[in-house]
Amino acid sequence: MTKILFVCHGNICRSTMAEYVMKYLVKEAGLEDSFFIDSAGTSREEIGNGVYYGTVAKLRSVGIPVGNHRARQITQADFKNFDYIVAMDRANVRNLQAVAPVAYRDKISKLLSYAGIADDIADPWYTGNFDETYEDVMTGCKALLKKIRPF
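A quick note: this is a predicted structure, and the numbers were derived from the prediction, not measured. (Residues numbered from 1 in each chain as written. Predicted model: local features only at pLDDT ≥ 70, side-chain atom pairs only at ≥ 80, totals over all residues. Heavy atoms only, no water.)

With that settled, the discussion passes to the UniProt feature "domain: Phosphotyrosine protein phosphatase I" (unreviewed entry) in the protein chain. In the numbering used here, UniProt assigns the "domain: Phosphotyrosine protein phosphatase I" (unreviewed entry) feature to residues 2-147. Note that residues 2-147 is 42% helix and 14% strand, and that its end C-alpha atoms are spaced 12 Å apart. (UniProt positions renumbered as here; feature names shortened; annotations may be inferred. Helix = DSSP H or I, 4+ residues; strand = E, 2+ residues; numbered from the N terminus.)

Let's shift gears to the packing of helix H1 (residues 14-28) against helix H2 (residues 53-61). One can describe the packing of H1 onto H2 by two numbers: an axis separation of 10 Å at closest approach and a directional angle of 25°. Between H1 and H2, the crossing angle belongs to the class labelled roughly parallel. Of the two possible hands of crossing, H1 and H2 adopt the one that is right-handed. Residues Thr16, Met17, Tyr20 and Val21 of H1 lie in contact with H2, whose contacting residues are Thr55, Lys58 and Leu59. (Axes fitted to C-alpha atoms, helices over the stretch in contact; angles between N-to-C directions. Parallel < 35°, antiparallel > 145°, perpendicular 65-115°, else oblique. Left-handed = near helix turned anticlockwise from the far one by under 90°. Contact = heavy atoms within 4.5 Å.)

Inspection of every chain in the model, using the stated rule, returns eight salt bridges. A salt bridge links aspartate 120 to arginine 90; its shortest N-O distance comes to 3.1 Å. Of the two residues, aspartate 120 sits in the loop between strand E4 (108-110) and helix H5 (124-127) while arginine 90 sits in helix H4 (residues 90-99), which places them 30 residues apart along the sequence. The network of salt bridges with shared partners includes Arg14, Asp89 and Asp123. (Salt bridge = Lys/Arg side-chain N within 4 Å of Asp/Glu carboxyl O.)

Let us now look at the pairing of strand E2 (residues 35-41). Counting buried positions over the seven residues of E2 gives six, a clear majority of the element. Bridge count for strand E1 (residues 2-8) against E2 is seven bridges, and the pairing is parallel. Pairing of isoleucine 4 across the sheet is with isoleucine 37, part of E2. Note that the unit made of E1, H1 and E2 has a crossover that is right-handed. (Buried < 20%, exposed > 50% of the residue type's maximum accessible area, 1.4 Å probe, protein only. Pairing = 2+ DSSP bridges. Right-handed = clockwise from strand over helix to strand, strands pointing away.)

On to the side chain of serine 15. Checked against the element boundaries, serine 15 lands in helix H1. Contact partners of serine 15, with chain neighbours within four places excluded, come to Phe6, Val7, Cys8, Ser39, Ala40 and Met88.

Before going further, it helps to spend a moment on helix H6 (residues 130-148). Counted at 1.5 Å a residue, the expected span for H6 with its 19 residues is 27 Å, and the 26 Å between its end C-alpha atoms agrees. Taken as a whole, H6 has its buried residues at Phe130, Thr133, Tyr134, Val137, Met138, Gly140, Cys141, Ala143, Leu144, Leu145 and Ile148. Along its buried surface, H6 packs onto E1, H1, E2, H2, strand E3 (84-87) and H5. Between a side-chain oxygen at the N-terminus of H6 and the backbone nitrogen of aspartate 131 the separation is 3.3 Å; the capping residue is asparagine 129. (Expected span 1.5 Å × (residues − 1). Polar contact = N/O pair within 3.5 Å; in protein donor to acceptor, adjacent residues only side chain to side chain.)

Written out as structure tokens, the structure reads:
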């Protein structure tokens, strides 16, 4: 089973969007039994809060179901338990590298890097542009799935 953890700052916008987009893509490919997908944040600010309403609205508008995720902070056990720890931007990568055990730092990547794009996933909390964030998340998730399961 391939285990993927998506990470952003607060775990209410981008990482949850990536979690649900990837779950959708995996289900569409008939690979649900081969993946475990979750998300977390690098900060403690939003712990316990639900998925941000803008993320929920965008995903529902494109027919992607959203579960009852509650924001959580990444743990030391996550570095061991997940195969891929996928950050939304450079700041998240830097924060993850700072707390990750040395043995697991090679698991950390940036989502758009799988699509050969150096850009960060813009934070819609600040930009208000959930459409742009969704397009970038979808691009990155499709490329990540293709890397893991080329078909």
